[in-house]
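Commentary on secondary and tertiary structure
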Amino acid sequence: MALINENFLKLKAGYLFPEIARRVKAFTEGNPEAAQRLIRCGIGDVTEALPEAVRYAMHEAVDELGNRSTFKGYGPEQGYDFLRNAIADNDYKARGLPIEADEIFISDGSKCDTGNILDIFGQGNTIAITDPVYPVYVDTNVMIGNTGEADENGAYAGLVYLKCTPENGFVPDIPQEKADLIYLCYPNNPTGAVATRPQLEAWVKYARENGSVLLYDAAYEAFIQDPTIPHSIFEIEGARDCAIEFRSFSKNGGFTGVRCAYVVIPKSLMGRKKNGEAQALHPLWSRRHSTKFNGASYIVQKGAEALYTDEGKSQTKALIEHYMGNAALLVEACKNAGLSVFGGVNAPYVWVGCPAGLTSWQMFDKMLNEANVVITPGSGFGSAGEGYFRISAFNSRANVEEVCRRIAALK
Ligand SMILES: *Cc1c(COP(=O)(O)O)cnc(C)c1O
């Protein structure tokens, strides 16, 4: 028999979303009538239609493929120049940030990118993650063998957990110890927190002093409303020498089902070999991409490019305004209900303290049974999430207004 990767056996079985699905299924089977009223604010998936500009561009691309003279087969693994240029010009150069098109790698999603990036790093790095955290960062490190076993609280040996609490604004304090890879996600999923410029400056300083690499997930940057909050880690001086940025069209462009994202690896970003010699990371990721990936679909890249047209920009803006309008209503409803509320101002997630000492899962059951609303228990994102729950603003306005009424009616 073939040997297996036993690291997979360290993964915790009761993963968050399957457990939510199990409880929702049990509830709907036992309460068919209440099941009709069920509103899902759990999983962070967008709900509104794909922007028209994207649909037109994708239709056109399909027709190009339907004509022998404009047909496209394999494209460049790193992405088509039309999209890499649009990204470099609009997301970086227009903001005065020195990122070149060939430092941008197009992919089919940030989930894959944040997981796959570990391919280019060696064994033995100290990995720091926030607590609470987007579970992908943790589980991909477990799978590749960067951790020991999980303890009874689900914390893995070998990982450095950076606590995010109301006291630090859900942005981790700079640790005493040295970490080699640090995952930061701002605006944050699940807490909806944002990192200020001084906070990011402190992290860039730390990374440069310690030779660490920041893995900066900016999937939600388009939701930032406050003009003082950085959209990119490359707004911080010196970040080109210590950071990789992940961006996705999933949440701003409604691409969760279409699939398109990108990674920015500056050519000046270095890692080191065992013998201490510096080695640029950019060629390693480029080689990885060419070897293990054959490029995102032409149709999808044409759709993503259309997000950068004038129509695309105004349609994206309307989507963001819709979701942030939902977030504002949810924040207000929770405040009026006397709950402590975080996030929801520069991010589509509202992070709420559970009332009267309820645990996250107790609050999940209360919301399910009394309000017929599915939320996400904070403890599913890490032990520091215990005592909180997350409400997603990705929904129709009518559903959000109904959720607000039900929150007001909670006992
Ligand atoms: C939704 C999300 C992404 C985007 O993932 P895709 O694979 O591009 O859909 C990335 N990071 C976080 C934290 C997310 O919540």
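From a predicted model like this one, the values you see are computed outputs, not experimental measurements.

**Some words on the sheet that holds strand S4 (residues 159-163)**
- The strand order S2-S8-S7-S6-S5-S3-S4 describes an open sheet built from seven strands, whose pairing is mixed. Two strands in the sheet have a free side with no partner beyond their single neighbour: strand S2 (104-107) and S4. Each strand axis lies, on average, 20° off the axis of its neighbour in the sheet, ignoring direction.
- Looking at chain direction, strand S5 (residues 181-185) and strand S6 (residues 213-217) are connected through five bridges and run parallel. Counterpart to Tyr 183 in the pairing with S6 is Leu 215.
- Lying over the sheet, helix H4 (residues 81-92) contacts S2, strand S7 (243-248) and strand S8 (261-264), oriented at roughly 120° with respect to S2.

**Here we look at the pairing of strand S15 (residues 388-392)**
- Of all five residues in S15, five are buried, a share of seventy percent or more.
- Every second residue of S15 is oriented toward a common face, with Tyr 388, Arg 390 and Ser 392 on one face and Phe 389 and Ile 391 on the other, all of them buried.
- Of the strand pairs in this sheet, strand S12 (residues 349-353) and S15 are connected by five bridges, and their pairing is antiparallel. Within S15, the residue paired with Val 350 across the bridge is Ile 391.
- Pairing analysis gives two bridges linking strand S14 (residues 376-377) to S15, with the strands arranged antiparallel. Its bridge partner lying in S15, Pro 377 is registered against Phe 389.

Reading the values: the criteria
For every chain, the first residue of the written sequence is number 1, and numbering continues from 1 onward in sequence order. The predicted origin of the model limits local features to residues at a pLDDT of at least 70 and limits the giving and counting of side-chain atom pairs to 80 or more, whereas totals for whole chains, interfaces and linings rest on all residues. To get the side-chain values, all heavy atoms of the structure are used, and hydrogens and water are removed first. Any two strands with at least two DSSP bridges between them are considered paired. By definition, any uninterrupted DSSP run of H or I lasting at least four residues is a helix, any uninterrupted run of E lasting at least two residues is a strand, and each is numbered from the N terminus. Axes, fitted as lines to C-alpha atoms, cover a helix only where it is in contact. Angles between the N-to-C directions of the axes lie from 0 to 180 degrees. For this analysis, residues touch if any pair of their heavy atoms sits within 4.5 Å. Three labels apply to residues, based on accessible area from a 1.4 Å probe with only protein chains included: buried if under 20% of the type maximum, exposed if over 50%, partly exposed otherwise in between.

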